[in-house]
Amino acid sequence: TITTDNQAPLNLIAKNASGTTDTDGGDLTLRAGGSTGAGDPGDIIFQVSPTASTGPGTTNQNIPVEVMRLEQGSLTLQSSVNSSPSFILKSTDSTMNAAGQSLDVLGIIQFTGDDAGQTQTDYAKFLVTTDVATDGQESGKIELQVASHDAELVTGLSLTGGSLEDEIDVTI
């Protein structure tokens, strides 16, 4: 356990033998909070320190740039590079020794909240699956599901890679 005085920044860097940041092989759990009364429980902020070049053979001092902030239930991602996308969320299958199959679940984004009886209810979900995994015929499927009258998630919009080149089947 590492603690700091109230509002003091804490910098934690994991380095391998060559001096580069390397956190493979273990988990890093960050927890902010512990405030009492009406105080802010604390944010978790991720920063990178890019090396800025001012010309051949010279560099400026590394100035940390905030890239992600977890703040009281919200997540903010930002990019300081105009030519790059602000946000890429990449889901990959980590079972590298298994062949992909149709209907493999590749990613889920789920929206859950309390109903009037304070029961946790799924109100909406994005579901991404493999439609066809055959080499050379790969196609995916995205479903947008919403809770129907009885809280059952029902697909309202489905986009599926078609059976022809550059074809997408849409079901509403």
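A quick note: this is a predicted structure, and the numbers were derived from the prediction, not measured.

### So, unusual backbone geometry
With a phi close to 75°, Ala151 is a non-glycine residue in the positive phi region. When you line up the elements, Ala151 lands in the loop between strand 8 (139-147) and strand 9 (153-161). Judged by its relative accessible area of 39%, Ala151 is partly exposed.

### Quick look at a nonpolar patch on the surface
Together, Ile109, Phe111, Phe126, Ile142, Leu144, Val146, Leu157, Leu159, Ile168, Val170 and Ile172 make up an exposed nonpolar region whose accessible area comes to about 980 Å². Elements with a minimum of two residues in the nonpolar patch: strand 6 (105-114), strand 8, strand 9 and strand 10 (168-171). A per-element tally of the nonpolar patch places strand 8 first, with 3 residues. You can see Ile142 is positioned in strand 8.

### A few points about the sheet that holds strand 10
Pairing within the open sheet is antiparallel, and its 5 strands lie in the order 6-7-8-9-10. Only two strands of the sheet have a single neighbouring strand rather than two, namely strand 6 and strand 10. If you compare each strand with its neighbour and ignore which way they point, the axes differ by 15° on average. In this structure, strand 6 lies alongside strand 7 (residues 120-132), joined through 9 bridges in antiparallel fashion. The residue bridging Ile108 from the neighbouring strand is Leu127, located in strand 7.

### Side note on the side chain of Thr160
The residue Thr160 is located in strand 9 in this model. Leave out the neighbours within four places in its chain, and Thr160 touches Asp131, Gly140, Lys141, Glu167, Ile168 and Asp169.

### Thoughts on the pairing of strand 7
Here strand 6 folds back onto strand 7, and the loop between the two strands holds 5 residues, one of which, Gln118, carries a positive phi near 60°. Inspection of the sheet shows strand 7 paired to strand 8 by 8 bridges, in the antiparallel sense. Opposite Val128, over in strand 8, you have Ile142 as the bridge partner.

About the criteria used
- Residues numbered from 1 in each chain as written.
- Predicted model: local features only at pLDDT ≥ 70, side-chain atom pairs only at ≥ 80, totals over all residues.
- Heavy atoms only, no water.
- Helix = DSSP H or I, 4+ residues; strand = E, 2+ residues; numbered from the N terminus.
- Buried < 20%, exposed > 50% of the residue type's maximum accessible area, 1.4 Å probe, protein only.
- Patch = residues over 30% accessible without salt bridge, like charges linked within 9 Å, V, L, I, M, F, W, Y side chains within 5 Å.
- Areas by Shrake-Rupley, 256 points an atom, 1.4 Å probe, with all protein chains shown as cover.
- Salt bridge = Lys/Arg side-chain N within 4 Å of Asp/Glu carboxyl O.
- Pairing = 2+ DSSP bridges.
- Axes fitted to C-alpha atoms, helices over the stretch in contact; angles between N-to-C directions.
- Contact = heavy atoms within 4.5 Å.

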